[in-house]
Amino acid sequence: MDRNEVKTFPELTTQELFQIYKLRVEVFVVEQKCYYQEVDDDDLIAYHLMFKDSQNELTAYARIIPEKNATIARIGRVVVNPNHRGGGLGRELVQAALDRIPSLMPHTAKIVLAGQEYLNEFYKSFGFKNVSDVYLEDGIPHIDMEMPLTD
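Residues numbered from 1 in each chain as written. Predicted model: local features only at pLDDT ≥ 70, side-chain atom pairs only at ≥ 80, totals over all residues. Heavy atoms only, no water.

- As recorded in an unreviewed UniProt entry, the protein chain goes by GNAT family N-acetyltransferase and comes from Lentilactobacillus parakefiri.

### Looking at the packing of aromatic side chains
Consideration 1: Across all of its chains, the model carries three aromatic pairs by this definition.
Consideration 2: Measuring from ring centre to ring centre gives 5.2 Å for F122 and Y123, while their planes differ by 65°; the resulting arrangement is edge-to-face.
Consideration 3: Assessed through its relative accessible area of 23%, F122 is described here as partly exposed.
Consideration 4: Between Y123 and F128, the aromatic rings sit 6.2 Å apart at their centres with planes inclined by 80°, giving edge-to-face as the arrangement. Residue Y123 shares its accessibility class with F128, and that shared class is buried.
Consideration 5: Feature note: the residues F122, Y123, F126 and F128 constitute an aromatic cluster, connected by ring pairs. (Phe/Tyr/Trp six-rings, centres within 6.5 Å; stacked < 30°, edge-to-face > 60°. Buried < 20%, exposed > 50% of the residue type's maximum accessible area, 1.4 Å probe, protein only.)

### A look at the nonpolar core
Consideration 1: Residues L49, F51, I64, I75, L98, I111 and F128 are the most contacted members of the largest nonpolar core, which totals 26 residues.
Consideration 2: For this core, the elements supplying multiple residues, two or more each, are strand 2 (47–52), strand 3 (58–67), strand 4 (72–80), helix 3 (89–104), strand 5 (110–116) and strand 8 (140–148).
Consideration 3: Sorting elements by how many residues they give to this core places helix 3 first, with seven residues.
Consideration 4: Formed by nine residues, the second largest nonpolar core is a distinct cluster that contains L23, V27, F28 and M50. (Core = buried A, V, L, I, M, F, W, Y, C linked by side-chain atoms within 4.5 Å. Helix = DSSP H or I, 4+ residues; strand = E, 2+ residues; numbered from the N terminus.)

### So, helix 1 (residues 14–31)
Consideration 1: An ideal rise of 1.5 Å per residue puts 26 Å on 18 residues; helix 1 measures up with 24 Å between its terminal C-alpha atoms.
Consideration 2: Most pronounced at V25, the bend in helix 1 amounts to some 30°.
Consideration 3: Residues E16, Q19, I20, L23, R24, V27, F28 and V29 constitute the buried set of helix 1.
Consideration 4: In this structure, the buried residues of helix 1 make contact with strand 1 (3–8), helix 2 (42–45), strand 2, strand 3 and strand 4.
Consideration 5: Phi turns positive, to about 45°, at K33, one or two residues after helix 1. (Expected span 1.5 Å × (residues − 1). Bend = angle between axes of the 7 residues up to and from the residue. Contact = heavy atoms within 4.5 Å.)

### Description of the pattern of salt bridges
Consideration 1: Evaluated as defined, the whole model comprises 16 salt bridges.
Consideration 2: Between R63 and D43 there is a salt bridge, with the nearest N and O atoms lying 2.8 Å from each other. Taken as a pair, R63 in strand 3 and D43 in helix 2 lie far apart in primary sequence, 20 residues in all. With respect to class, R63 is no different from D43; both count as buried.
Consideration 3: One salt bridge connects E67 with R74, and the closest N-O pair in it is separated by 2.6 Å.
Consideration 4: Its relative accessible area of 28% is what places R74 among the partly exposed residues. (Salt bridge = Lys/Arg side-chain N within 4 Å of Asp/Glu carboxyl O.)

### Some points on the side chain of T108
Consideration 1: Topologically, T108 is positioned in the loop between helix 3 and strand 5.
Consideration 2: With a relative accessible area of 11%, T108 lands in the buried category.
Consideration 3: Reaching out from T108, the side chain makes a polar contact with the backbone oxygen of M105 at a distance of 2.7 Å.
Consideration 4: Discounting chain neighbours no more than four positions away, the residues touching T108 are A70, T71, A73, I101 and L149. (Polar contact = N/O pair within 3.5 Å; in protein donor to acceptor, adjacent residues only side chain to side chain.)

Here it is as structure tokens:
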């Protein structure tokens, strides 16, 4: 059973930051053959959601980025370690992000993400709706999605 925790950038240990960047580059740059600036300034303001196993290895990760005076939460860099895929960890990760947003950002009115097109139905299963046509981002088909939050 994985445990999860959320930290701001200053709270991350150097070991955690190393594991995050290693996993993201492994999947988003190398595995997907998508050469782009993977580390960006959003890391500095994001909440970093980490799933770790009993050996403290990073098994899944996502970041939650506050936008527009924290009324919009952007979920991004959703990734499951290739050695831990196929067991529902991606679903647990997204649900954990959705569950954490109200306490991290109590004034959130909407959650947004730019999902890879092949994951469209996966994100729809959480209540996200498409708000754009499919477009290429770094050579990979994406679609913008959002989920309004109601009181």
